[in-house]
Amino acid sequence: MCGRTACTLGQKEICMACSYKSSETGKYVQPEWKDSTDGKEYCPSYNMPPTHHTPVLISKMHMDKTADHSERLLQPMVWGLIPFWHKDADPQSHGLSTINCRSEGLMEKKTFSVPIKKGRRCVVVADGFYEWEKKKTGKQPYLFYFPQRRGLSVGDESTWKKGYNQELWSPKDGWKGPRVLTIAGLFDVWKSPETEKLMYSYCVITVPSSPKISWVHHRMPAILDGPEEVQAWLNYEDVDASNALKLVKPISNLEWHAVSPAVGNVKNDSVELVKHYSSTSGKKLVGSQKLMSAWLQKESPKKSPKKEEPEHNAMKQELPDEWDADGNFQEPPCQGSDHEDEEPPLKKPKAE
Amino acid sequence: MFEARLVQGALLKKILEAIKDLLTEASWDCAQGGIQLQAMDNSHVSLVSLTLRSDGFDKYRCDRNLTMGMNLASMTKIMKCCGNDEIITMKAQDEPDTVTFMFESKNGDKISEYEMKLMNLDQDHLGIPETDYACVIKMPSGEFARICRDLSQFGESMVIACSKNGIKFSTSGDIGTGNVKLAQTSSVDKEEEAVIIEMQEPVTLTFACKYLNNFAKATPLSPVVSLSLSPDVPLVVEYKIEDIGYVRYYLAPKIEDDDS
């Protein structure tokens, strides 16, 4: 389950953060930025919901057949895969929520199997993703992210300050800022029957949660941990779909902290959303509290694993089933009137 | 069915005294191996971890794991009804709404029973990481309580500095400064009275006196306290409870914060 992220680095910084070692020179290079094809831009946000444009890494071979297999592009795409077979003029009117797709049975569903057979694998980049824990007293959101090097805290304002200068990046050492999360996704290209414009969109692949994460939700995004995995996922020429899908698995190399419930409303967007938050006192954590909470969370929770919910038989359905077994996608609660006008409402699946 | 009988009922009274000022409510997790309680204080700066092994009880039965959320102020009221020489038995059903405390006098001619409603508590999942500490100090618990009490008169926080020469507790405030130095005991006659330092590297950390004073309320549980310190991790203050388990307190050091 993954329906909300924080993605706050600007275009320049995110290119630096996504830099990779060139197979030719052994030096770090930044992916080439490619503007979206539909005129919409990437706007960094602490509260990034589906239907927005977020930067996605793809192999340069998608645009240029002669490109080296390691070369990459960074392009903003719409979160929520627009099925290639969708005929309506409104790209969002397909009535499915395609923000996630389950790794299990992915090849059985046309919406996802066609793009993956075309090699349309992408890596979704974000600071971290939010997940809501259901508690007796309500829901508590958490922000999940890669462990950061010493001195960088994802919950600190200074970590995400804008305008990183070139000192944080060099061809020799690469990026020295915060490590961004790299999530396995699929993208597709949809042609508007009205305007003939191409629209790039993507979905995030989900897998069963690792034991370390399962206390919060039984699904988690498929996170690619390390440059080799990212490279193999992107390089569709040398790594076929079945081998690439082996990279899609639960991982435990994540850290997290509780954040303010204000993230539940997509209208809220400020650095306050990623700060450490105490679920009991309802306040931001400061100083020693942060230290305590960071120290304690480093080990897996002792909570007994949740009872397995009955598996939803995805294969039975004709329509792509990107929903979790419990059909539970209210987490990013785009609550009726609170919802931004220009955003189409996130629809619930019809068949449940 | 859960039942735990403790002939030395005063022990449970002391345990409650040792945690009730830090925690307003807590979950008691009962399993075959014993009882565990782990909770952060309301300010989220300290953590209490209590373990009572089943073999430390005079009778212990726990058919199914259960969690009992208790309001500690209510539990304190009940414990006040228990005489120091009385025997305590805790009882609960498998999926309990209430817990029963039964107090028996030594000669068995008086039995009182108190039933307390349980609370539905949201438990935070807390994992205490295994940590190698740079310094582990063992010292008389009474001495530690005394130092905390004395120094907290002068300032809100206390610096604990541990080196190969010994430990220095110091504070400063409006009226001035104070410090107490303890040297490692050279010849250990009585282990309970000794100051023993195991040091990998020297450590200096600052802590809020308020919490240390609260931890020192566990002094009646053990003649010895151990303090484990390392840079950038919480201090551990441990009181072993003879034959049955321990209570450990974790306290995050004070740090400079750009937020505040």
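Preceding block: the structure.
Residues numbered from 1 in each chain as written. Chains lettered and ligands numbered in written order. Predicted model: local features only at pLDDT ≥ 70, side-chain atom pairs only at ≥ 80, totals over all residues. Heavy atoms only, no water.

Caption draft 1: Quick peek at the overall build of chain B. A tally of regular secondary structure across chain B gives four helices and 18 strands. Within chain B, buried positions represent 52% of all 260 residues. Put simply, 64% of the contacts in chain B that link residues at least 6 apart link residues at least 24 apart. When the accessible surface of chain B is totalled, it reaches about 12500 Å², and 43% of it is carbon and sulfur. (Helix = DSSP H or I, 4+ residues; strand = E, 2+ residues; numbered from the N terminus. Buried < 20%, exposed > 50% of the residue type's maximum accessible area, 1.4 Å probe, protein only. Contact = heavy atoms within 4.5 Å. Areas by Shrake-Rupley, 256 points an atom, 1.4 Å probe, with all protein chains shown as cover.)

Caption draft 2: Summary view of the overall build of chain A. Scanning chain A from terminus to terminus reveals five helices and 19 strands. Of all 352 residues assigned to chain A, the portion counted as buried reaches 59%. Across chain A, every contact between residues at least 6 apart in sequence was considered, and the portion connecting residues at least 24 apart equals 72%. When the accessible area of chain A is evaluated, it comes to approximately 15100 Å², of which 51% is carbon and sulfur surface.

Caption draft 3: Summary view of the pattern of salt bridges. Enumeration according to the criterion identifies 24 salt bridges over all chains in this entry. A salt bridge links E32 of chain A to K60 of chain A; the shortest N-O distance between them is 3.1 Å. Here the residue E32 of chain A occupies a position in strand 4 (residues 32–33), and K60 of chain A occupies one in the loop between strand 6 (53–59) and strand 7 (72–79), the gap between them amounting to 28 residues. Among the residues examined, K60 of chain A registers a relative accessible area of 16% and is labelled buried. The salt bridge partner of E238 of chain B is R248 of chain B, with a shortest N-O separation of 2.4 Å. (Salt bridge = Lys/Arg side-chain N within 4 Å of Asp/Glu carboxyl O.)

Caption draft 4: Broad picture of the packing of aromatic side chains. Going through the model one piece at a time under the given rule, you end up with 17 aromatic pairs over all chains. Arranged with centres 6.5 Å apart and planes meeting at 55°, the rings of Y142 of chain A and F144 of chain A form a pair that is tilted. Of the two residues, Y142 of chain A and F144 of chain A, both sit in the buried class. Between F103 of chain B and Y114 of chain B, the ring centres sit 5.7 Å apart and the planes meet at 40°, which makes this aromatic pair tilted. (Phe/Tyr/Trp six-rings, centres within 6.5 Å; stacked < 30°, edge-to-face > 60°.)

Caption draft 5: Local environment of the environment of P76 of chain A. All names here are of chain A. Locating P76 in the fold gives a position in strand 7. A relative accessible area of 3% means that P76 is categorised as buried. Once the C-alpha coordinates of P76 and T54 are considered, the two residues, 22 residues apart in sequence, prove to be 4.8 Å apart. Setting aside residues no more than four positions away along its own chain, P76 makes contact with W33, K34, D35, S36, Y42, H53, T54 and P55.

Caption draft 6: A look at the sheet that holds strand 13 (residues 177–183) of chain B. Residue and element names in this part refer to chain B. The four strands lie next to each other as 13-12-11-15, forming an open sheet whose pairing is antiparallel. The sheet terminates laterally at strand 13 and strand 15 (203–208), the two strands that pair on one side only. Averaged over neighbouring strand pairs, the angle between their axes works out to 15° when direction is ignored. Packing of helix 3 (residues 141–151) onto the sheet brings it into contact with strand 11 (157–163), strand 12 (166–172) and strand 13, and relative to strand 13 it is tilted by some 165°. (Pairing = 2+ DSSP bridges. Axes fitted to C-alpha atoms, helices over the stretch in contact; angles between N-to-C directions.)

Caption draft 7: Here's a closer look at the state of the cysteines. Tallying each qualifying case throughout the model produces zero disulfides over all chains. Of all cysteine sulfurs in the structure, the one in C203 of chain A sits closest to C122 of chain A, which takes part in no disulfide; the separation is 7.3 Å. A disulfide-free cysteine, C135 of chain B has its sulfur positioned 3.5 Å from the sulfur of C162 of chain B, the nearest such atom. (Disulfide = S-S within 2.5 Å.)

Caption draft 8: Fine view of a negative patch on the surface. Residue and element names in this part refer to chain B. Together, E191, E192, E242 and D243 line one region of the surface with negative charge. Mapped onto the secondary structure, D243 falls in the loop between strand 17 (235–241) and strand 18 (245–251). According to the relative accessible area criterion, D243 is exposed, its value standing at 60%. (Patch = residues over 30% accessible without salt bridge, like charges linked within 9 Å, V, L, I, M, F, W, Y side chains within 5 Å. Lys, Arg positive; Asp, Glu negative; His and termini not counted. Charge placed at Lys NZ, Arg CZ, Asp CG, Glu CD.)

Caption draft 9: Structural context of the nonpolar core. By size, the foremost hydrophobic cluster in this structure holds 92 residues, and its most contacted members are F2, M70, F169 and Y249 of chain B. Among the elements that make up this core, the one with the highest residue count is helix 1 (residues 9–19) of chain B (six residues). Domain assignment of the residues forming this core places at least three in each of domain 1 (2–117) and domain 2 (135–259) of chain B. Core analysis: the second largest hydrophobic core is formed by 69 residues, F146, W175, V216 and V248 of chain A among them. (Core = buried A, V, L, I, M, F, W, Y, C linked by side-chain atoms within 4.5 Å. Domains from an automatic or database assignment.)

Caption draft 10: Up close: helix 3 (residues 227–234) of chain A. Residues and elements named next belong to chain A. Across the eight residues that make up helix 3, a large majority, six, are buried. Burial in helix 3 covers these residues: E229, V230, Q231, A232, W233 and L234. On the buried face of helix 3, the contacting elements are strand 6, strand 7, strand 9 (121–126), strand 14 (181–191), strand 15 (198–208) and helix 4 (241–245).

Caption draft 11: Focus on the packing of helix 1 of chain B against helix 2 (residues 72–80) of chain B. Residues and elements named next belong to chain B. At a minimum axis distance of 10 Å, the contact between helix 1 and helix 2 shows a crossing angle of 145°. For the pair helix 1 and helix 2, the crossing hand works out as left-handed. Here helix 1 contributes L12, K13, L16, E17 and I19 to the contact with helix 2, which in turn contributes L72, M75, T76, M79 and K80. Per-class residue counts for the contact of helix 1 with helix 2 are six nonpolar, one polar and three charged. (Left-handed = near helix turned anticlockwise from the far one by under 90°. Nonpolar A, V, L, I, M, F, W, Y, C, P; charged D, E, K, R; others polar.)

Caption draft 12: Quick look at the sheet that holds strand 1 (residues 2–6) of chain B. Residues and elements named next belong to chain B. Read from one edge to the other, the open sheet built from five strands follows the order 5-1-7-8-9, with strand pairing classed as antiparallel. The sheet is open, and its two edges are formed by strand 5 (59–62) and strand 9 (111–117), each paired on a single side. Sheet twist, expressed as the average angle between the axes of neighbouring strands with direction ignored, equals 15°. Inspection of the sheet shows strand 1 paired to strand 7 (residues 87–92) by five bridges, in the antiparallel sense. Counterpart to A4 in the pairing with strand 7 is M90. Lying over the sheet, helix 2 contacts strand 7, strand 8 (98–104) and strand 9, oriented at roughly 20° with respect to strand 8.

Caption draft 13: Inspection of the pairing of strand 8 of chain B at higher detail. All names here are of chain B. In terms of burial, strand 8 is a largely internal element, six of the seven residues being buried. Taken together, the five bridges between strand 7 and strand 8 define a ladder with antiparallel strand orientation. Looking across to strand 8, one finds that M90 is bridged to F101. Here strand 7 folds back onto strand 8, and the loop between the two strands holds five residues. Alignment of strand 8 against strand 9, held across seven bridges, turns out to be antiparallel.

Any functional reading would require information that these geometric values do not contain.
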